[in-house]
Amino acid sequence: DAGVIQSPRHEVTEMGQEVTLRCKPISGHNSLFWYRQTMMRGLELLIYFNNNVPIDDSGMPEDRFSAKMPNASFSTLKIQPSEPRDSAVYFCASTQEREGTDTQYFGPGTRLTVL
Amino acid sequence: AQKVTQAQTEISVVEKEDVTLDCVYETRDTTYYLFWYKQPPSGELVFLIRRNSFDEQNEISGRYSWNFQKSTSSFNFTITASQVVDSAVYFCALSGGESNDYKLSFGAGTTVTVRA
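In what follows, the accompanying structure is described. Residue indices follow the written sequence of each chain, beginning from 1 at its first position. Going through the entries in the order they are written, you letter the chains from A and number the ligands from 1. Whole-chain, interface and lining totals are the exception, using all residues; otherwise, since this is a predicted model, local features are given only for residues with pLDDT of at least 70 and side-chain atom pairs are given and counted only at 80 or more. Only hydrogens and water are removed before side-chain values are computed, so all heavy atoms of the structure are retained for them.

### Some details on the overall build of chain B
Scanning chain B from terminus to terminus reveals 0 helices and 12 strands. A run of DSSP states H or I qualifies as a helix once it reaches four residues; a run of E qualifies as a strand once it reaches two. Both are numbered from the N-terminal end. Each helix (α) and strand (β) of chain B, taken in turn from the N terminus, gives the series β-β-β-β-β-β-β-β-β-β-β-β. Radius of gyration: over C-alpha atoms. The globule rule applied is 2.2 Å multiplied by the number of residues raised to the 0.38 power. Taking 13 Å as the expected radius of gyration for a compact globule of 116 residues, we find that chain B reaches 14 Å, a close match to that expectation. With the C-alpha coordinates of chain B rotated into their principal frame, the extents come out at 45 × 25 × 20 Å. The buried share among the 116 residues of chain B stands at 50%. Whether two residues are in contact is decided by their heavy atoms, any of which lying within 4.5 Å being enough. Restricting to contacts in chain B with at least 6 residues of sequence separation, those with at least 24 account for 57%. For accessible areas, the Shrake-Rupley method is used with a probe of radius 1.4 Å. Any residue's cover is judged against the shown protein chains and nothing else. Of the accessible surface of chain B, which amounts to about 5,500 Å², a share of 48% is contributed by carbon and sulfur atoms. Of the side chains in chain B, 10 bear a positive and 14 a negative charge, and the two mean positions are spaced by 2 Å. Only protein chains enter the accessibility calculation, which uses a 1.4 Å probe; a residue is then buried when its area is under 20% of its type maximum, exposed when over 50%, and partly exposed in between. Neither His nor the chain ends is counted toward charge; the positive residues are Lys and Arg and the negative residues Asp and Glu. The atom standing in for a charge is NZ when the residue is Lys, CZ when it is Arg, CG when it is Asp and CD when it is Glu.

This is how it looks when you write it as structure tokens:
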């Protein structure tokens, strides 16, 4: 079975450019999460979708960040305009949420470098 | 607020030694879920084990075992007879319960290096 798929795996861009990260969750999963990993802050949740609806975006750093989930098999995280401090590894995770919580399965991550 | 503390920053062992990773958590919820994830040098996050707060039975799965003790809020993880492929960063995580069911709170991670 295919796991969570993320693209691109690596992205290098210049400050001010728009960056779009993509995620395909595991088929049948109804919840999707975007996390960011940095040396300073570790792993932190950015946004959580349930049944394609954003439930909690309190972790989104600022208005430069936006996320969408137009259907159950696709989500994007966009940064516009990008800044050097956005450099990090961005992970997408999905789960089949039943009663309470369930195990989140992570994609391979996108390593973003903003010059 | 939920908090996970992994006091060990780095552990270095020789192959075949056992490695025990410590994890201490804080939560006000009576129902919660604990996880261990592995992040090898390639960078992906791999799910290893999950334990529910209402089940304190400790188990062994292959070379992995875990010791969950609610009385001390600890969820320690042991790799028996370590191998070089076990070299990775290991994260303990907490979620669930009456508050923010979905959010995984991660510890800072413990870097394990297994030398041949």
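### A look at the interface of chain B and chain A
Taken together, the 18 residues of chain B in the interface contact 21 residues of chain A. Simply put, the buried area is the total loss of 1.4 Å probe accessible area from both parts when two parts are fitted together. Here chain B meets chain A over a buried area of about 1,500 Å², counting both sides, of which 60% is carbon and sulfur. Among the residues of chain B in contact with chain A, Leu45, Tyr102 and Phe106 of chain B are the three that bury the most area, contributing 38% of the side total. By salt bridge we mean one thing: a side-chain nitrogen of Lys or Arg within 4 Å of a carboxyl oxygen of Asp or Glu. The tally of links between chain B and chain A comes to 0 salt bridges. By the criterion applied in these results, polar contacts are pairs of N or O atoms within 3.5 Å in which, for protein atoms, one can donate a hydrogen and the other can accept it, and in which residues neighboring in sequence qualify only through two side-chain atoms. At the boundary of chain B with chain A, the tally comes to 2 residue pairs in polar contact (both at pLDDT 80 or more). Contributions of two or more residues to the side of chain B that touches chain A are made by β5 (33-39), β6 (46-52) and β10 (88-95) of chain B. When residues of the side of chain B that touches chain A are assigned to their parent elements, the largest contribution, 4 residues, is made by β5 of chain B. Each residue is assigned to one class: nonpolar for Ala, Val, Leu, Ile, Met, Phe, Trp, Tyr, Cys and Pro, charged for Asp, Glu, Lys and Arg, and polar for all the others, Gly among them. Along the lines of polarity and charge, the residues of the side of chain B that touches chain A split into 9 nonpolar, 5 polar and 4 charged.

### A few points about the state of the cysteines
Put simply, a disulfide is two cysteine sulfurs that come within 2.5 Å. This model, assessed by the stated rule, comprises 2 disulfides over all chains. A sulfur-sulfur separation of 1.9 Å characterises the disulfide bridge that pairs Cys23 of chain A with Cys92 of chain A. Its S-S torsion of about -70° marks the bond between Cys23 of chain A and Cys92 of chain A as left-handed, since a negative value means left-handed. Of this pair, Cys23 of chain A sits in strand β3 (residues 19-24) while Cys92 of chain A sits in strand β9 (residues 88-95), placing them 69 residues apart in sequence. The same class applies to Cys23 of chain A and to Cys92 of chain A, which are both buried. Paired by a disulfide, Cys23 of chain B and Cys92 of chain B hold their sulfur atoms 2.0 Å apart. Here Cys23 of chain B and Cys92 of chain B share a disulfide; its torsion about the S-S bond, -70°, makes the bridge left-handed. Taken together, the residues span a long stretch of sequence, with Cys23 of chain B in the loop between β3 (19-21) and β4 (24-26) and Cys92 of chain B in strand β10 at a distance of 69 residues.

### So, the pattern of salt bridges
All names here are of chain A. Evaluation of the coordinates by the stated rule reveals 9 salt bridges over all chains. With a closest N to O distance of 2.7 Å, Asp86 and Arg64 form a salt bridge. Residue Asp86 is found in the loop between β8 (74-79) and β9, and its partner Arg64 is found in the loop between β6 (53-56) and β7 (65-71); the two are separated by 22 residues along the sequence. No difference in accessibility class separates Asp86 from Arg64, as the two residues are buried. Through salt bridges with shared partners, a single ionic network connects Glu62, Arg64, Glu83, Arg85 and Asp86.

### Details of the sheet that holds strand β1 (residues 5-7) of chain A
Residue and element names in this part refer to chain A. Being paired, for any two strands, means DSSP has found at least two bridges between them. Spatially, 4 strands are ordered β1-β3-β8-β7 in an open sheet, and the strand pairing comes out antiparallel. A strand with exactly one partner marks an edge of an open sheet, and here the two such strands are β1 and β7. Each adjacent strand pair in this sheet contributes to an overall mean axis angle of 15°, direction not counted. Every angle, taken between N-to-C directions, lies between 0 and 180 degrees, and every axis is a line fitted to C-alpha atoms, over only the stretch in contact when it is a helix.

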